[in-house]
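Close look at the chain arrangement
Take a look at the letters that make up each chain.
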Amino acid sequence: MLDLKFVRNNPDVVRQALINKGVSVDLDRILALDVERRQGLAEVEQLKARRNQASKQVGLLKQQGQDASAIIAEMGAIGDRIKELDERGRQVEAELQDLLLQLPNIPAPDVPVGEDESGNVEVKRWGEPRRFDFPVKPHWDLGIGLDVLDFERAAKVTGSRFTIIKGGLARLNRALVNFFLDHHVERGYREVLPPVIINTASYYGSGQFPKFKEDVFSLAGTDYHLSSTAEVPLINMHRDEILDESALPIKYVGYSGCFRSEAGAAGRDTRGLIRQHYFEKVEMIQFTKPEDSDRALMEITESAEAILEKLGLPYRRMLMCTGDMGFGQYKKYDIEVWMPSYERYVEISSCSNMSDFQARRANIRYRPAGGKPEFVHTLNGSGLAVGRTLAAIMENYQNADGSITVPEVLRPYFGGDRITQ
């Protein structure tokens, strides 16, 4: 959420951010409501001052035995006007807050301007794609061939874009979760297992509502929604809190099942494990002082990349442009892994600096030594999406006989070196 004072004093900056991020919000309406709100507050203060003055006059006149009816009538009119202004003020405040929640974060100065993914900039590449001496299969064909992926029965049990994972691949899935968590815990993150049912206030606090409400599965007749990412509960753990400066940075890593309808994502990468309605993810979160958030973004990004390097999976890091970086991000890197059957890189992790955008919505502050509370900066990064990592391992480590070699770093977790069934 943007500071209203910032919006008021920098309308051209906000207007340009709306254009660059491709978001449509009536900024002129926000500015007009802000003026009306401040004028109303000023008038109420003046009327209350006049009412207090009139009250003293009434008392004085009565002491002197004089007629105070005119002033009493004036006080009644003042009271009616204050009531009218208060009611209008509540309406203005509600509409203003609703519109402010629709304003996206301002991109960092070094974020490239672009309309879509074509404007993203590659800033790093690691590893060489494997050269195969046999025809490469997509991971869904490999999974069906080994009877470790079952899409038909998942569709029978639930519906499309759900998957049943079986046998050795299910064991590798479990191994990946433990490997991811251990990797981040060793880097100073505290492990958290958050709830997967989240209330509405938490979704507003982290910035997913109202913008992405249609992508969330909600529980009918309740204030509850299924978690779309562990970012939501981890951020809201400190909603409405003032943190000790000495406690910063706070670093959490959480594993969660994630549920997304992804209403606007139909037609691309919907086969296999790349884009599912349910998936698992291990998420990193940091709460930092503002001056430390740029460094923290690099730390989160490099921690996610280190996992791919340990797994031996080629990847590239992309600096996201304004039109592809998302609603709440100040700056964002996507990490994309090489998928042989696609013959292209596919996003597997997103690492974002949200600046104080989420902290303002969730009211998360810290108290500097000897100073007033200030908003923290929040950062998040997936390290990594488990299903997409499974798909990348299956394709990059496939063998001519249809089996899958398990990366060496995972073998202690997996208990073997190959998936054959």
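The residue numbers shown here count from 1 along each chain, following its written sequence. At least 70 in pLDDT is required for a residue's local features to be given in this predicted model, at least 80 for side-chain atom pairs to be given and counted, and no such filter applies to totals for whole chains, interfaces and linings, which use all residues. Values shown for side chains rest on all heavy atoms present in the structure; no hydrogens or waters enter the calculation.

**Things to note about the UniProt feature "coiled-coil region" (unreviewed entry) in the protein**
Using the residue numbers shown here, the UniProt feature "coiled-coil region" (unreviewed entry) corresponds to residues 37–102. Secondary structure elements follow DSSP: runs of H or I no shorter than four residues count as helices, runs of E no shorter than two count as strands, and numbering proceeds from the N terminus. Taken end to end, residues 37–102 is 89% helix and 0% strand, and its two terminal C-alpha atoms sit 19 Å from one another. UniProt positions are given in the numbering used here, feature names are shortened, and annotations may be inferred rather than shown by experiment.

**Let's talk about the sheet that holds strand S13 (residues 364–367)**
The sheet built from three strands is open, its strands ordered S7-S13-S14 with mixed pairing. Taken across any chain shown, the strands that pair with only one partner, and hence form the sheet edges, are strand S7 (241–244) and strand S14 (374–375). Think of it this way: DSSP has to see at least two bridges between two strands before they count as a pair.

**As for unusual backbone geometry**
Geometrically, the link from Phe 209 to Pro 210 is a cis peptide bond, its omega value of 5 degrees lying close to zero. Tracing the chain through its elements places Pro 210 in the loop between helix H8 (200–206) and strand S6 (224–226). The omega torsion across Leu 248 and Pro 249 is 0 degrees, close enough to zero to call that bond cis. Summarising the element assignment, Pro 249 is placed in the loop between S7 and strand S8 (250–259). Positive phi is not limited to glycine here, since Asp 147 has a value of about 60 degrees. Take Asp 147: it is sitting in the loop between helix H5 (139–145) and strand S2 (149–150). In this structure, Ser 355 is a non-glycine residue whose phi angle is positive, near 50 degrees.

**Considering the packing of helix H7 (residues 167–186) against helix H10 (residues 293–311)**
Relative to each other, H7 and H10 sit at 130 degrees, their axes nearing to 11 Å. Taken together, the axes of H7 and H10 lie oblique to each other. Viewed along their axes, H7 and H10 form a crossing whose handedness is right-handed. Between H7 and H10, the residues in contact are Leu 176, Phe 179, Phe 180, His 183 and His 184 and Ser 303, Ala 306, Ile 307, Lys 310 and Leu 311, respectively. Only C-alpha atoms enter the line fits that serve as axes; for helices the fit covers just the stretch in contact. Angles between N-to-C directions range over 0 to 180 degrees. Working definition: roughly parallel below 35 degrees, roughly antiparallel above 145 degrees, roughly perpendicular at 65 to 115 degrees, and oblique for all remaining angles. In this scheme the handedness of a crossing depends on how the near helix is turned from the far one: anticlockwise by less than a right angle means left-handed, clockwise means right-handed. Here, two residues are considered to be in contact whenever any of their heavy atoms come within 4.5 Å of each other.

**Focus: the packing of aromatic side chains**
When two rings of Phe, Tyr or Trp (its six-membered ring) have centres within 6.5 Å they constitute a pair, described as stacked for plane angles under 30 degrees, edge-to-face for angles over 60, and tilted for the intermediate range. Applying the stated criterion across every chain, the model contains 12 aromatic pairs. With centroids separated by 5.4 Å and ring planes inclined at 80 degrees, the aromatic side chains of Phe 132 and Phe 134 adopt a geometry described as edge-to-face. Considered together, Phe 132 and Phe 134 belong to a single accessibility category, that of buried residues. Judged by centre distance (6.3 Å) and plane angle (80 degrees), the rings of Tyr 252 and Phe 287 are edge-to-face. Taken together, the residues span a long stretch of sequence, with Tyr 252 in strand S8 and Phe 287 in strand S9 (residues 278–288) at a distance of 35 residues. In terms of burial, Tyr 252 and Phe 287 fall into one category: buried. One aromatic cluster is present, built from ring pairs that chain together Phe 179, Phe 180 and Tyr 413. Its guanidinium or amino end placed over the ring of Phe 414, Arg 171 lies 4.0 Å from that ring's centre, counting from NZ or CZ. Burial classification: accessible surface area is computed with a 1.4 Å probe over protein chains only, and a residue below 20% of its type maximum counts as buried, one above 50% as exposed, and the rest as partly exposed. In this scheme, the term charge over a ring applies when either NZ of a lysine or CZ of an arginine sits within 6 Å of the ring centre and within 35 degrees of the ring normal.

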